[in-house]
Amino acid sequence: MEYRIAKGVFDILPHDPDTKGRWRSSAYWHYVEKQIHEIAREFGFSEIRTPLFESTELFTRSIGATSDIVTKEMYTFFDKANRSLTLRPEGTAPVMRSLIEKKLCTQQKVYYLYSMFRYERQQAGRYRQHHQFGIEAVGNASPYQDAEGIILLYTLLTRLGLKNLTLHLNSIGDSIDRNAYRTALQNFLKPYFKCLSVESQARFETNPLRILDSKDSRDIEITQNAPFILEFLRDETKSHFETVCALLKNEGVYFNVNPKLVRGLDYYNRTVFEITSEHLGAQNALGGGGRYDGLIKDLGGPDTPAFGFGAGLERIIQAMLAQGAYLPEEGILQLYMIPLGEKAFAPSFHLLNQLRNQHIVAQMDFSEKKLKSAMKFANQIKAQYVVVIGEEELKTGKISLKNMKTGENKEVSIDQLVETMKHV
Ligand code: AMP
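Cut-offs used in this document
- All residue numbers refer to positions counted from 1 along the written sequence of the respective chain.
- This being a predicted model, a pLDDT of at least 70 is required before a residue's local features are given, and a value of 80 or more before pairs of side-chain atoms are given or counted; all residues contribute to the totals for chains, interfaces and linings.
- To obtain the side-chain values, all non-hydrogen atoms of the structure were used and water was disregarded.
- The pairing criterion for strands is at least two bridges between them, as found by DSSP.
- Put simply, DSSP H or I for four residues or longer makes a helix, DSSP E for two residues or longer makes a strand, and each gets a number counted from the N terminus.
- Each axis is a line fitted through C-alpha atoms, and for a helix only the stretch in contact is used; angles between axes span 0 to 180 degrees, taken between their N-to-C directions.
- When checking whether two residues touch, look at their non-hydrogen atoms; a contact exists if any pair is within 4.5 Å.
- For Phe, Tyr and Trp, where Trp contributes only its six-membered ring, two rings pair if their centres lie within 6.5 Å, and the inter-plane angle classes them as stacked under 30 degrees, edge-to-face over 60, or tilted in between.
- Between buried and exposed lies partly exposed: a residue is buried under 20% and exposed over 50% of the maximum accessible area for its type, with that area taken using a 1.4 Å probe on protein chains only.
- By the criterion applied in these results, polar contacts are pairs of N or O atoms within 3.5 Å in which, for protein atoms, one can donate a hydrogen and the other can accept it, and in which residues neighboring in sequence qualify only through two side-chain atoms.
- What makes a residue near a molecule or strand is one non-hydrogen atom of that residue sitting within 4 Å of it.
- Throughout, the Shrake-Rupley method with a 1.4 Å probe supplies accessible areas, and for residues the shown protein chains are the sole cover considered.
- For this classification, Asp, Glu, Lys and Arg are treated as charged, while Ala, Val, Leu, Ile, Met, Phe, Trp, Tyr, Cys and Pro are nonpolar and the rest, including Gly, are polar.
- A patch consists of residues exposed above 30% relative accessible area that lack any salt bridge, with like charges linked at up to 9 Å and nonpolar side chains (Val, Leu, Ile, Met, Phe, Trp, Tyr) linked at up to 5 Å.
- The salt bridge criterion pairs a side-chain nitrogen of Lys or Arg with a carboxyl oxygen of Asp or Glu, the two atoms within 4 Å.
- Here the word oblique covers every angle except those under 35 degrees (roughly parallel), over 145 (roughly antiparallel) and from 65 to 115 (roughly perpendicular).
- Crossing chirality is assigned from the near helix's rotation relative to the far helix, an anticlockwise turn below a right angle marking it left-handed and a clockwise turn marking it right-handed.

Trainee: Please clarify how the sheet that holds strand β15 (residues 398-403) should be interpreted in this entry.
Mentor: Hydrogen bonds between backbone atoms are what pair the strands of a sheet, whose relative direction is either parallel or antiparallel. Strand order in the open sheet formed by 5 strands is β13-β12-β14-β15-β16, with mixed pairing between adjacent strands. For this open sheet the edge positions go to β13 (362-364) and β16 (409-413), each flanked by a neighbour on one side alone. Neighbour-to-neighbour, the strand axes of the sheet open up by a mean angle of 25°, direction not taken into account. Set on the sheet, helix α12 (residues 342-357) makes contact with β12 (333-339), β13 and β14 (383-389); between it and β13 the angle comes to about 165°. Against the sheet, helix α13 (residues 371-380) contacts β12, β14 and β15, and its axis sits at roughly 170° relative to β12.

Trainee: Explain the sheet that holds strand β2 (residues 53-55) here, please?
Mentor: The 3 strands lie next to each other as β2-β4-β3, forming an open sheet whose pairing is antiparallel. The open sheet terminates on both sides in strands that have one partner only, identified here as β2 and β3 (76-78). Looking at each pair of strands side by side, their axes are set apart by 35° on average, direction ignored. The pairing of β2 with strand β4 (residues 84-87) spans 3 bridges and is classified as antiparallel. The residue of β4 that forms the bridge with Glu54 is Thr86. Contacts from helix α2 (residues 56-63) reach β2, β3 and β4 within the one sheet, and its direction differs from that of β2 by about 75°.

Trainee: Sorry, what's going on with the packing of aromatic side chains here?
Mentor: Where two aromatic rings form a pair, the distance of their centres and the angle of their planes describe that pair. One pass over the structure, following the stated rule, counts 19 aromatic pairs. Relative to Tyr127, the ring of Trp23 lies with its centre 5.5 Å away and its plane at 40°, an arrangement referred to as tilted. Residue Trp23 is located in the segment before α1 (26-42), and its partner Tyr127 is located in the loop between β5 (108-117) and β6 (129-138); the two are separated by 104 residues in the primary sequence. Each member of the pair, Trp23 as well as Tyr127, carries the same accessibility label: buried.

Trainee: Even after reading the chapter, I still don't get the side chain of Asp293, so can you show me in this structure?
Mentor: Note that Asp293 resides in the loop between β10 (285-291) and α10 (295-298). In terms of polar contacts, Asp293 uses its side chain to reach the backbone amide nitrogen of Ala306, at 3.2 Å.

Trainee: I tried to follow the site of the ligand on my own but got confused; where do I start?
Mentor: Around the ligand sit 14 residues in total, of which Arg118, Glu120, Tyr127, Arg263 and Ala285 are the nearest. Between the ligand and Gly125, the relevant distance is 3.4 Å, taken from a nitrogen atom to a main-chain nitrogen or oxygen of the residue. In the complex, the protein chains occlude 92% of the 480 Å² of accessible area that the ligand would expose alone. If you list the elements that add at least two residues to the shell around the ligand, you get β6, β10 and β11 (306-312). Of all the elements, β10 adds the most residues to the shell around the ligand, at 3 residues. For the shell around the ligand, the residue count by class is 3 nonpolar, 6 polar and 5 charged.

Trainee: Before we go on, may I ask you to explain the environment of Lys370 in this structure?
Mentor: On the secondary structure map, Lys370 appears in the loop between β13 and α13. Distance in space between the C-alpha atoms of Lys370 and Lys260 is 67 Å, their sequence separation being 110 residues.

Trainee: Hey, could you run me through the pairing of β16 in this one?
Mentor: As defined by bridge partners, β15 adjoins β16 across 5 bridges and the pair is classed as antiparallel. For Lys402, the partnering residue across the bridge sits in β16 and is Asn409. Hairpin connection, β15 to β16: the antiparallel pair is bridged by 5 residues, and Gly407 has positive phi, about 85°.

Trainee: Got a minute to help me understand a nonpolar patch on the surface in this structure?
Mentor: Side chains of Leu52, Phe53 and Phe77 sit close together on the surface and give an oily, nonpolar patch of about 250 Å² of accessible area. As for its position among the elements, Phe53 is in strand β2. Residue classification places Phe53 among the partly exposed residues on the basis of a relative accessible area of 40%.

Trainee: Honestly, the packing of helix α6 (residues 175-189) against helix α7 (residues 198-206) in this entry has me stumped. Any pointers?
Mentor: In helix packing, the relevant descriptors are the interaxial angle and the interaxial distance, both defined with respect to the helix axes. Where α6 meets α7, the axes come as close as 10 Å, and the angle between the chain directions of the two elements is 140°. Between α6 and α7, the angle is such that the two are oblique. Of the two elements, α6 crosses α7, and the hand of that crossing is left-handed. From α6, Arg182, Gln186 and Leu189 reach across to α7, where they touch Phe204, Glu205 and Thr206. Looking at the contact of α6 with α7, its residues break down into 2 nonpolar, 2 polar and 2 charged.

Here it is as structure tokens:
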């Protein structure tokens, strides 16, 4: 039996031999993850890690019973005690569950970086296990909080060298604004009901706002002249949105107000945003989020406002490669040691550990290769320096340190190798 990887998922490898799979190189992931941890720290966010699965009810309640995720995409299973559990399809609900449970809902700024699971139809840019960096800022209703979150993601993507980004911004108001808008939108759509896609017809009663972000060409045409939610914002929600816009403008973060942006999850209110890249295909969203002031109360916690976003690492790395942004190749190997003859192994191994104790990246050939093939291998793994340690070297205490780039050899005493390597 030949085992194959499950559908819709992928391995992250040291090097993927498939050139189209370069984005799956672990060195790139390390680099992007490092930048994420760094920027989160700079913006005052601390890491949170929640379990891979939660009770199913947490997701149906928070994401919304009519959302795509809940209706089609959840990996749900029953444990041995017949509890319904679900692999997390998104990050916000688990984090809220944790903060509520630990009574930490006052002024928390947390971030996460881990896998999500969605049973998606297979297509480019959509995987059944994908990775998200997300933030959740809890306990602050200020528009400054919205601006801070958006600027964080925008700055991260810019630092990673991404260009041609579009920041789509909208406000979907609060529940009073939305109820008024919902009625107006339904009134507008009613005469076209029969021409809407089947999916949008189903959403007409349950979630008509989602019809605005339908990808179906008939729906797009019909909604072109639909009323915009921004016209339904009352003074307070309107001024919140205007402040967010002004703050972003002031920081040189350019955006498009996109009145059709509603996002797929039910818990959002007020500010919603999405950042897209020109360099991805149909699945062009790198990340998005917004304010969700009602969610914590809805999940049984205190009435606490919050703002957050989630961004996908697969798409970020793919966009970086498509644009030729800097991505480091695999880790550098500073020194490769080739012991020749049985007697050379133990002293070489001791030296290897001394080098590593001084943080020199070193490897040793354990496989008793012939000198020629060991040198060839050193070349292949891109060693910067090579030393050969044979009986002669052990007798004289001198070795020749070969610079693989220039081909130069430098004589060094074995006792001085660690010190020399620290300064090359
Ligand atoms: P969402 O929670 O759907 O708003 O997703 C947040 C971000 O995660 C998106 O903007 C994408 O970058 C990424 N994402 C969502 N679903 C997938 C998926 N199935 N495969 C790859 N990336 C995804």
